[in-house]
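# Observations on the three-dimensional arrangement
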Amino acid sequence: MNTQGNRGSKCTLVDLLDRILDKGVIISADLVISISDIPLIGVNLRAAIAGMDTMVKYGMMEDLDKEIRAWGRQKEKALLEAPE
Amino acid sequence: MKGLYLYCIGNGPLKSSLGCNGIEAEEVYTLPYRDLSVVLQAFPLEDYELKDPEILTGWVQIYDEVLNIAWGKFGTIIPVKFGTVIKEKDGKSPEENLFFWLDKEYESFQMKLSRLQEKAEYGVQIFWDKKAFTEKICENSIEVKKLMEEISSKPQGIAYMLKKKLEAQLKKEVEKEAETTFKELYEKIRNAVDEIKVEKLKETKGKEMFMNVSCLINKNERSGLERALDEIEMEWDLEARLVGPFPPYSFV
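Residues numbered from 1 in each chain as written. Chains lettered and ligands numbered in written order. Predicted model: local features only at pLDDT ≥ 70, side-chain atom pairs only at ≥ 80, totals over all residues. Heavy atoms only, no water.

## Brief notes about the overall build of chain B
Helix and strand counts for chain B come out as 6 helices and 12 strands. Taken over the C-alpha trace, chain B has a radius of gyration of 25 Å; the compact-globule value for 252 residues is 18 Å, which it surpasses by more than 25%. Taking all 252 residues of chain B together, the buried fraction comes to 53%. Surface exposure of chain B reaches about 11,900 Å², of which carbon and sulfur atoms provide 48%. Of the side-chain charges in chain B, 37 are positive and 46 negative, and the distance between the mean point of each set is 5 Å. (Helix = DSSP H or I, 4+ residues; strand = E, 2+ residues; numbered from the N terminus. Rg over C-alpha atoms; globule rule 2.2 N^0.38 Å. Buried < 20%, exposed > 50% of the residue type's maximum accessible area, 1.4 Å probe, protein only. Areas by Shrake-Rupley, 256 points an atom, 1.4 Å probe, with all protein chains shown as cover. Lys, Arg positive; Asp, Glu negative; His and termini not counted. Charge placed at Lys NZ, Arg CZ, Asp CG, Glu CD.)

This is the structure in structure tokens:
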């Protein structure tokens, strides 16, 4: 994959997987054979390369919520434990 | 009989070899249809089970290579979904089915090719430091600061109730600020490109993705987008990553 200019990051295999696996024009299903397991292996492969257990977060808020709560708890604990 | 593994549709009729090998060393070639071409290779027809991630990696790399060669040759291409193999059906050969499909979609392909002429796709990913983002809100929010002060001065029972309130308040403010920032960044990037598409956020090593978009711009005209990303890094204190150019995978 080409990159040019100052800002082009090197395209990694993860970039390719993200861009290629579920894009492009689709042909009606009755004309194509199914190559089973492409989506599943694609997900596992991406996860393995990225070193993750899970692959895609569908939104940031779910995750944000958990982290903010944990962070909030820490802060509060510090506040409560602080000498008066 | 073999099936036909499709790579992409090219602008212009051409009947030749593409000059590279595809999956299982089959020749990749082009077949003309009216003023278009389809880039393809022969492929075994029996249902294919892909068990090995290394094989998939190889296929992805071949697909990327073939599309880049075709992109160079035709100038404008429409990628076909990865892993598409046309089969025989009701006594019709894969090639007959391919032409049936091309005939049916011809006008839509023409429209897409004209829209995508001389365009390239870029991926833009924005990363954030969520903790720093939240701390900044703590420093600036009157409401949050007030709650924190109250917690430290109240007995434990009341403080417990207040800290629940603080959690909710903080969450609300972080979400609101993140949403505002997202909209501002989206506008900024959108103004620097021809088309933009918001993608799912992905897990990345060591960094947290805040925004993931695909952008369509004229080939060799990425300086506007680069400038927008520089400004985003400066003004919002975020990290921006640009990857590409790619054929227009996300805009077909």
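After that view of the structure, there is still more to cover.
## A few points about the overall build of chain A
Secondary structure summary: chain A contains 3 helices and 4 strands in total. Helices and strands appear in chain A in the N-to-C order β-α-β-β-α-β-α. Residue burial in chain A is summarised as follows: out of 84 residues, 43% are buried. As displayed, chain A offers around 4,800 Å² of accessible surface, 53% of which is attributable to carbon and sulfur atoms.

## As for the domain arrangement of chain B
Residue and element names in this part refer to chain B. For chain B, the assigned domains are domain 1 (2-115) and domain 2 (119-251). Taking the mean C-alpha position of each, domain 1 and domain 2 sit 38 Å from one another. In this complex, domain 1 contributes 9 residues to the contact, which on the side of domain 2 involves 10 residues. A buried area of about 820 Å², summed over both sides, lies between domain 1 and domain 2, and 56% of it is on carbon and sulfur atoms. It is Trp71, Pro79 and Arg115 that lose the most area in domain 1 upon contact with domain 2, and together they represent 68% of the buried surface on that side. One can count 1 salt bridge joining domain 1 with domain 2. Broken down by secondary-structure element, the contributors of at least two residues to the side of domain 1 that touches domain 2 are α1 (53-74) and β6 (77-79). A per-element tally of the side of domain 1 that touches domain 2 places α1 first, with 5 residues. (Domains from an automatic or database assignment. Contact = heavy atoms within 4.5 Å. Buried area = accessible area lost by both parts, 1.4 Å probe. Salt bridge = Lys/Arg side-chain N within 4 Å of Asp/Glu carboxyl O.)

## Brief notes about helix α2 (residues 94-116) of chain B
All names here are of chain B. With 23 residues, α2 extends only 28 Å from end C-alpha to end C-alpha; this falls clearly short of the ideal 33 Å at 1.5 Å per step. The largest bend in α2 amounts to roughly 60 degrees and is located at Glu105. Along α2, the residues that are buried comprise Pro94, Asn97, Leu98, Trp101, Leu102, Tyr106, Phe109, Lys112, Leu113 and Leu116. (Expected span 1.5 Å × (residues − 1). Bend = angle between axes of the 7 residues up to and from the residue.)

## A look at the confidence of the model for chain B
In this model, chain B carries a mean pLDDT of 92, and residues with pLDDT of at least 70 account for 99%. Across the whole predicted complex the pTM is 0.81, and at the interface the ipTM reaches 0.81. (pLDDT = per-residue confidence, 0-100.)

## What about the pairing of strand β12 (residues 239-246) of chain B?
Residues and elements named next belong to chain B. The buried count for β12 comes to 7 of 8 residues, which makes it a mostly enclosed element. Here 6 bridges tie strand β8 (residues 119-128) to β12, and the two strands are oriented antiparallel to one another. Counted as the bridge partner of Gln125 is Arg241 from β12. (Pairing = 2+ DSSP bridges.)

## Concerning the confidence of the model for chain A
Residues and elements named next belong to chain A. Mean pLDDT over chain A stands at 66; residues scoring 70 or higher make up 49%. The secondary structure element of chain A with the lowest average pLDDT is strand β4 (residues 56-57), at 38, and the one with the highest is helix α1 (residues 13-20), at 89. Throughout residues 53-62 the model reports pLDDT below 50, and contacts reaching past four residues in sequence, or to other chains, amount to 20 contacts.

## Some details on the pattern of salt bridges
Where side chains of opposite charge bring their charged atoms close, a pairing between them can arise. Here the structure, examined in full by the defined rule, presents 18 salt bridges over all chains. For Arg241 of chain B, the salt bridge is made with Asp15 of chain A, and the minimal N-O distance between the two is 2.7 Å. Separated into two different chains, Arg241 of chain B in strand β12 and Asp15 of chain A in helix α1 make up a pair that spans both. A relative accessible area of 15% places Arg241 of chain B in the buried class. Of the charged contacts in the structure, one is a salt bridge between Glu208 of chain B and Lys130 of chain B, with a shortest N-O distance of 3.3 Å. Taken as a pair, Glu208 of chain B in strand β11 (residues 208-218) and Lys130 of chain B in helix α3 (residues 130-140) lie far apart in primary sequence, 78 residues in all. Among the residues examined, Glu208 of chain B registers a relative accessible area of 23% and is labelled partly exposed. Residues participating in the shared-partner salt-bridge network are Lys23 of chain A together with Lys197 and Glu199 of chain B.

## Remarks on the layout of surface pockets
Residue and element names in this part refer to chain B. Empty space within the second largest pocket amounts to approximately 370 Å³. Lining the second largest pocket are 16 residues, with Ala132, Phe133, Lys136, Trp236 and Asp237 positioned closest to its centre. Elements with a contribution of two residues or more to the lining of the second largest pocket: β8, α3, α5 (156-190) and α6 (223-236). Split into classes, the residues belonging to the lining of the second largest pocket amount to 7 nonpolar, 3 polar and 6 charged. (1 Å grid on protein atoms, 1.4 Å probe; cavity = no way out; pocket = protein on both sides within 12 Å on 5 of 7 lines; lining within 4 Å. Points joined across faces, edges and corners; volume = space filled by probe spheres on them. Nonpolar A, V, L, I, M, F, W, Y, C, P; charged D, E, K, R; others polar.)

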